[in-house]
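Structural overview
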Amino acid sequence: MKRIAILGSTGSIGTQALELIQENSGKFEVFAVSCEKNTSLLSEQIEKFKPQIAVAADEKDALLLSRKHPGTEIFFGAKGLALAASAGADMVLNALSGTSGLVPTYEAAKAGKVIAFANKETLVAGGSIIMKAVHGSGAALLPVDSEHCAIWQCLLGNSPREVRRLVLTASGGPFRGYSLEELKNATPEQALRHPRWNMGRKITVDSATMMNKGLEIIEAKWLFDMRPEMIDVVVHPQSIVHSMVEYCDGAVIAQMGKPDMKGPIGYALAYPERLENKAGGVDFAELGSLTFEKPDEGAFACMRLARQAIKDEGSSSPVVLNAANEALVRLFLEKKIGFLDIQSNIERALEAHTPVYGLDIDGILELDKEIREGIGNDSSLHGNSA
Ligand code: NDP
Ligand code: MG
């Protein structure tokens, strides 16, 4: 029986992981659950899965929950998450969104945990420090992001020295084929209507701007220790090929499956086993064709910005990229800025930043806060209110 701590159990990845755990109750036990604001769902999860630990963001919420669930230890805030990540679980699933996952990942890595890892922003902001902690303690990061889980599977049994390049696939999002002119008026409602994947709001907007792929290039660099120039992106609207690895002899190994996050979540949770999926596989004859095209980096600048941010290994630029993106996505969802203001202001933030090197966790958190506050207080950004 594997005991799993699920950080971010009320989110899109977290709830799907709990469904899988319920469907495979002989294999897994829930050790910890956590939420930020959705305490009613967290309370239901505590009732159903009887975890040893639960964590809410807020102290008052934690107090209410502990009265309701005396059999579960309830903690709160960043310290609570760090504790859930490093205490008695066999595996930690990091399904938090944004930089809230940085400290818990660091704690889990230092404690030598096996971490099923969805929270890409953490590797973008703190890749160097997290990987150092992972290697230092013998911890493991098992990718949950579908592209990275695919690459992990394509690498198994092969030598990393013989890899020529990784090819990340991208669905292209809801605005695939739009011109810059058309993107100007893109609304949050349109951005949240992803053609293939049903995900949390932040990552859905990241998919619409293509920043998701930019973040994934950085995530792949750290997870697989590859130079960014070895990581290509191709748009594949059907989202059947989840990513590919090309070897030195020209052979390309692809991992395919239906676009369903339960595949990669289940693969990471059960590794080295595979879970039974009763929904069946891909019907290739029904699909007819799979297509591939070049990403339009003229209209969608975020991938270029992500590559620019990691050019200089160990610099603070990816922290700025990530924090600016999170703050700007929030403003866009609040209809305070337009769609294209996301990419133009990330570029502005990167240009204004003088990179520093070797930041520790506190330094990363400080810079992250400074960039968010700078964007939050920038009155020039709010003139565009819809
Ligand atoms: P959601 O927004 O659906 O869920 C995020 C979870 O984290 C929720 O439980 C939320 O609590 C909690 N949370 C958010 N902010 C904080 C905070 N500051 N402190 C404590 N808890 C917090 O996100 P997703 O599940 O979509 O994504 C999670 C991660 O996985 C992201 O990094 C994303 O990029 C990555 N990912 C997601 C995919 C998907 O299909 N969804 C695919 C591939 C990667 P509450 O519910 O209370 O708000
Ligand atoms: Mg992905």
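Residues numbered from 1 in each chain as written. Chains lettered and ligands numbered in written order. Predicted model: local features only at pLDDT ≥ 70, side-chain atom pairs only at ≥ 80, totals over all residues. Heavy atoms only, no water.

Things to note about the nonpolar core
- Within the largest apolar cluster, 125 residues are counted, with the highest numbers of intra-cluster contacts made by Leu93, Leu141, Val144, Leu166, Phe224, Leu321 and Ile346.
- The biggest single contributor to this core is helix H15 (residues 317-333), with eleven residues.
- Among all residues touching Leu321, those that are not within four sequence positions of it are Val124, Met211, Leu215, Ile218, Leu305, Ala306, Ala309, Ile346 and Leu350. (Core = buried A, V, L, I, M, F, W, Y, C linked by side-chain atoms within 4.5 Å. Buried < 20%, exposed > 50% of the residue type's maximum accessible area, 1.4 Å probe, protein only. Helix = DSSP H or I, 4+ residues; strand = E, 2+ residues; numbered from the N terminus. Contact = heavy atoms within 4.5 Å.)

Notes on the packing of helix H11 (residues 211-224) against helix H14 (residues 302-310)
- With their axes 7 Å apart at the nearest point, H11 and H14 run at an angle of 30° to one another. Considering their axes alone, H11 and H14 lie roughly parallel with respect to each other. Considering the relative orientation of H11 and H14, their crossing is right-handed. Contacts between H11 and H14 involve Met211, Lys213, Gly214, Leu215, Ile217, Ile218 and Lys221 on the former and, on the latter, Cys302, Met303, Ala306, Arg307 and Ile310. (Axes fitted to C-alpha atoms, helices over the stretch in contact; angles between N-to-C directions. Parallel < 35°, antiparallel > 145°, perpendicular 65-115°, else oblique. Left-handed = near helix turned anticlockwise from the far one by under 90°.)

Remarks on the packing of H15 against helix H17 (residues 361-376)
- Running from amino to carboxyl end, H15 crosses H17 at an angle of 40°, the nearest separation of the two axes being 9 Å. Crossing hand, H15 versus H17: right-handed. Here Val319, Val320, Asn322, Ala323, Ala324, Glu326, Ala327, Leu328 and Leu331 of H15 come into contact with H17, specifically with Ile364, Leu367, Asp368, Ile371, Arg372 and Ile375.

Things to note about the pairing of strand E9 (residues 231-235)
- Judged by how many residues are buried, E9 sits mostly within the fold: four of five residues are covered.
- Two elements, strand E8 (residues 163-170) and E9, share five bridges in a ladder whose sense is parallel. In the strand pairing of E9, Thr169 is matched with Val234. (Pairing = 2+ DSSP bridges.)

Details of the environment of Leu96
- Residue position: Leu96 is located in the loop between strand E5 (91-94) and helix H5 (102-110).
- Leu96 sits 62 residues away from Ser34 along the chain, and the two C-alpha atoms are 9.0 Å apart.
- Beyond its immediate sequence surroundings of up to four residues, Leu96 is in contact with Leu7, Gly8, Ser34, Leu81, Gly101, Pro104 and Asn119.

So, the packing of aromatic side chains
- Tallied over the entire structure, the rule returns six aromatic pairs.
- A centroid spacing of 5.0 Å and a plane angle of 50° characterise the contact between Phe175 and Tyr178, whose relative ring orientation is tilted.
- Taking the relative accessible area as the measure of exposure, Tyr178 reaches 26% and is therefore partly exposed.
- Between Tyr267 and Tyr271 the ring centres are 5.9 Å apart and the planes differ by 55°, which places this aromatic pair in the tilted class.
- An aromatic cluster is defined as three or more aromatic residues linked by ring pairs; in this entry it consists of Phe175, Tyr178, Phe332 and Phe339.
- A cation sits over an aromatic face here: Lys221 above Trp222, 4.3 Å from the ring centre. (Phe/Tyr/Trp six-rings, centres within 6.5 Å; stacked < 30°, edge-to-face > 60°. Lys NZ or Arg CZ within 6 Å of the ring centre and 35° of its normal.)

Brief notes about the site of ligand 1
- By nearness alone, 24 residues border ligand 1, and Thr10, Glu36, Lys37, Asn38 and Glu121 come closest of all.
- A distance of 2.6 Å separates an oxygen atom of ligand 1 from a polar atom in the side chain of Thr10.
- Contact with the protein chains covers 84% of the free accessible surface of ligand 1, which is 890 Å². (Near = heavy atom within 4 Å. Polar contact = N/O pair within 3.5 Å; in protein donor to acceptor, adjacent residues only side chain to side chain. Areas by Shrake-Rupley, 256 points an atom, 1.4 Å probe, with all protein chains shown as cover.)

Thoughts on the pairing of strand E2 (residues 28-34)
- Across the seven residues of E2, six count as buried, placing the element largely inside the fold.
- Handedness of the crossover joining strand E1 (residues 2-7) and E2 through helix H1 (residues 12-23): right-handed.
- For E2 and strand E3 (residues 53-56), the ladder comprises three bridges, and the chain directions are parallel. Paired with Val33 across the strands is Ala54, a residue of E3.
- In terms of handedness, the path from E2 via helix H2 (residues 39-49) over to E3 forms a crossover that is right-handed. (Right-handed = clockwise from strand over helix to strand, strands pointing away.)

Considerations on the pattern of salt bridges
- Counting across every chain of the model gives 27 salt bridges.
- The partner of Arg304 in a salt bridge is Glu347, and the shortest N-O contact between them spans 3.2 Å. Of this pair, Arg304 sits in helix H14 while Glu347 sits in helix H16 (residues 339-352), placing them 43 residues apart in sequence.
- Since its relative accessible area comes to 35%, Arg304 is described here as partly exposed.
- Assessed through its relative accessible area of 24%, Glu347 is described here as partly exposed.
- We note a salt bridge from Arg372 to Glu326, for which the minimum N-O separation is 3.1 Å. Pair noted here: Arg372 is in helix H17 and Glu326 is in helix H15, with a separation of 46 residues, a long-range link.
- Put simply, Lys120, Asp145, Glu147, Lys213 and Glu216 are held in one network by salt bridges that share partners. (Salt bridge = Lys/Arg side-chain N within 4 Å of Asp/Glu carboxyl O.)

Function cannot be read off these values alone, since they describe shape.
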